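# Descriptive analysis of the structure
Residue strings, one per chain:
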Amino acid sequence: MDPIVYVVDDDQAMVESLTWIIESVGLKVKTYVRAQDFLDEYNPIQHGCLLLDVRMPGMSGPELQLRLNEKGATLPIIFISGHGDVPLAVRVMKAGAVDFLTKPFNDQILLESINKALRADKTNREKQQENAKAEAKFALLSPREVQVLQGIVAGKQNKVISAELKISLKTVEAHRASVMKKMSVKSVPELVRLVLRNDVQEPLNEE
């Protein structure tokens, strides 16, 4: 899926300028003059990034960022502003923006910022896909296998897991083999990395 650079700015001249710069390097652009219009059409499946003006009639740039965060959106946002408002820049960066550019800005700096945002979005989407695959594998485990996996991730030996769960050592070994197969790993270090890297360790603490 080719990335799209979304531009939300009520300044038509600025929109046309940004569109020309972005399209000059072969990237697709989609523009909006109102933040609400973008929000109504936003598709979280689409790979891309967002160039967002700070001050606009109706919903402002920071307000749109807040709405997107509330939706759980991960689209990287680059704010563009005609005012060097440092407190605002700090606030939107803390809220997850990848950059804050003050007009007028150098074309190359803009393109570098866009490329950085697109790389971040690509990496994040790959991570989400990896997490989803790991969660799907984890969902295949039985409650007892989850308990055994808890012990493995905690670094416990089979005999310790056996004693704590009050099951035989052979049963632990059977569950351990089943866990390895269902999680599609060939070694304990690989299993632990898979669990920790993909953020499935929290459910392991549930009974």
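The rules behind the values
Residues numbered from 1 in each chain as written. Predicted model: local features only at pLDDT ≥ 70, side-chain atom pairs only at ≥ 80, totals over all residues. Heavy atoms only, no water. Helix = DSSP H or I, 4+ residues; strand = E, 2+ residues; numbered from the N terminus. Buried < 20%, exposed > 50% of the residue type's maximum accessible area, 1.4 Å probe, protein only. Contact = heavy atoms within 4.5 Å. Areas by Shrake-Rupley, 256 points an atom, 1.4 Å probe, with all protein chains shown as cover. Pairing = 2+ DSSP bridges. Right-handed = clockwise from strand over helix to strand, strands pointing away. Axes fitted to C-alpha atoms, helices over the stretch in contact; angles between N-to-C directions. Salt bridge = Lys/Arg side-chain N within 4 Å of Asp/Glu carboxyl O. Core = buried A, V, L, I, M, F, W, Y, C linked by side-chain atoms within 4.5 Å. Arc of directions from axis to C-beta.

### Side note on the overall build of the protein chain
- Each helix and strand counted, the protein chain has nine helices and five strands in total.
- Ordering the α and β elements of the protein chain from the N terminus gives β-α-β-α-β-α-β-α-β-α-α-α-α-α.
- Expressed along its principal axes, the backbone C-alpha trace of the protein chain runs to roughly 75 × 35 × 30 Å.
- Burial statistics for the protein chain: of 207 residues in total, 43% are counted as buried.
- Long-range contacts, defined here as pairs at least 24 residues apart, represent 63% of the contacts in the protein chain between residues at least 6 apart.
- Only carbon and sulfur atoms are counted for the fraction: they give 53% of the accessible area of the protein chain, which is about 11500 Å².

### Details of the pairing of strand β1 (residues 4–8)
- For β1, a buried count of five out of five residues is recorded, marking the element as mostly surrounded by other parts of the structure.
- Covered by surrounding structure in β1 are Ile4, Tyr6 and Val8 together with Val5 and Val7, the residues of both alternating faces.
- Pairing of β1 with strand β2 (residues 28–32) involves five bridges; the strand directions are parallel. Opposite valine 8, over in β2, you have tyrosine 32 as the bridge partner.
- Note that the unit made of β1, helix α1 (residues 12–23) and β2 has a crossover that is right-handed.
- Direction of pairing for β1 relative to strand β3 (residues 48–53): parallel, over a ladder of five bridges. The residue of β3 that forms the bridge with valine 5 is cysteine 49.

### Details of the sheet that holds strand β5 (residues 99–102)
- What the five strands build is an open sheet, ordered β2-β1-β3-β4-β5; its pairing is parallel. Of all the strands in the sheet, just β2 and β5 have a single pairing partner and so form its edges. Between one strand axis and the next, the sheet turns by 20° as a mean value, whatever way the strands run.
- Lying over the sheet, α1 contacts β1, β2, β3 and β4 (77–81), oriented at roughly 165° with respect to β2.
- Packing of helix α3 (residues 61–70) onto the sheet brings it into contact with β3 and β4, and relative to β3 it is tilted by some 145°.

### A few points about the pattern of salt bridges
- Per the stated rule, a full pass over the model turns up ten salt bridges.
- Close ionic contact of lysine 28 with aspartate 2 constitutes a salt bridge, the shortest N to O distance being 3.8 Å. Taken together, the residues span a long stretch of sequence, with lysine 28 in strand β2 and aspartate 2 in the segment before β1 at a distance of 26 residues.
- Glutamate 164 serves as the salt-bridge partner of lysine 156, at 2.9 Å between the closest nitrogen and oxygen.
- Lysine 156 sits in the partly exposed class, given a relative accessible area of 33%.

### Some remarks on the nonpolar core
- Counting 24 residues, the largest nonpolar core has Val8, Phe38, Leu50, Leu52, Leu64, Leu68 and Phe79 as the members making the most contacts within it.
- Where this core is concerned, the elements lending two or more residues are β1, α2 (35–41), β3, α3, β4 and α4 (86–94).
- Grouped together as the second largest cluster of nonpolar side chains are 20 residues, Val15, Ile22, Ile78 and Leu111 included.

### A short note on the pairing of β3
- With six of its six residues buried, β3 lies for the most part within the structure.
- What you see with β3 is no split at all: Gly48, Leu50 and Leu52 on one side and Cys49, Leu51 and Asp53 on the other are buried throughout.
- Bridge count for β3 against β4 is four bridges, and the pairing is parallel. If you follow leucine 51 over to β4, its bridge partner there is isoleucine 78.
- Handedness of the β3-α3-β4 crossover: right-handed.

### Some thoughts on helix α9 (residues 188–197)
- Taken as a whole, α9 has its buried residues at Leu191, Val192, Leu194 and Val195. Looking straight down α9, one finds its buried side chains confined to an arc of 160°; they lie on one side.
- Tucked into the core, α9 has its buried residues touching α5 (107–138), α6 (143–153) and α8 (169–182).

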